[in-house]
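The primary structure of each chain is shown beneath.
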Amino acid sequence: MANIISAKKRARQAVVRREHNVMLTSRMRTAVKKVLKAIQSGDKTVAEQAYRAAMPVVDSSVNKGLIHRNKAARHKSRLNARIRAMQ
């Protein structure tokens, strides 16, 4: 444990920020999983709705610095391709 007061404060802040980042990352993963589940169910309209709900969550994760913008683009592209391939 740190001895300097400012270092102790930084350690406390790091714990709070980590918890917040974990929550936001979990929210993004859940949104992506909902899209995948909708795709597997075979209902294209539900999958499209889930996709439209998930994309702002993925984009906000990029803006918050949780994931790289290329990873977000990759998620969006792959999910959209799978939805377009549905019958």
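Preceding this paragraph is the structure being described.
Note that the structure is predicted; figures quoted are calculated from it, not measured.

A. Up close: the pattern of salt bridges. For the structure shown, the criterion picks out one salt bridge. When the shortest N-O distance is used, the salt bridge between D59 and K76 registers 2.9 Å. Of the two residues, D59 is situated in helix α2 (residues 44–63) and K76 in helix α3 (residues 69–84); the sequence distance between them amounts to 17 residues.

B. View of the nonpolar core. Core analysis: the biggest nonpolar cluster contains 18 residues, and V35, I39, V58 and L79 have the highest contact counts within it. For this core, the secondary-structure elements that each account for two or more residues are α1 (5–41), α2 and α3. With seven residues, the top contributor of residues to this core is α2. Sequence-distant contacts of V35, that is, excluding residues within four places in its chain, are made with A47, A50, Y51, A54, L79 and I83.

C. Representation of the packing of α2 against α3. Put simply, α2 and α3 touch, their axes get as near as 10 Å, and they point 175 degrees apart. By the criterion of interaxial angle, the relationship of α2 to α3 is roughly antiparallel. Across from K44, A47, E48, Y51, M55, V58, D59 and V62 in α2, the residues of α3 making contact are R69, A72, K76, L79, N80, I83 and R84. Within the contact of α2 with α3, the residues separate by chemical class into eight nonpolar, one polar and six charged.

Rules used throughout
Residues numbered from 1 in each chain as written. Predicted model: local features only at pLDDT ≥ 70, side-chain atom pairs only at ≥ 80, totals over all residues. Heavy atoms only, no water. Salt bridge = Lys/Arg side-chain N within 4 Å of Asp/Glu carboxyl O. Helix = DSSP H or I, 4+ residues; strand = E, 2+ residues; numbered from the N terminus. Core = buried A, V, L, I, M, F, W, Y, C linked by side-chain atoms within 4.5 Å. Buried < 20%, exposed > 50% of the residue type's maximum accessible area, 1.4 Å probe, protein only. Contact = heavy atoms within 4.5 Å. Axes fitted to C-alpha atoms, helices over the stretch in contact; angles between N-to-C directions. Parallel < 35°, antiparallel > 145°, perpendicular 65-115°, else oblique. Nonpolar A, V, L, I, M, F, W, Y, C, P; charged D, E, K, R; others polar.

The quantities given are spatial measurements derived from coordinates; they are silent on function.
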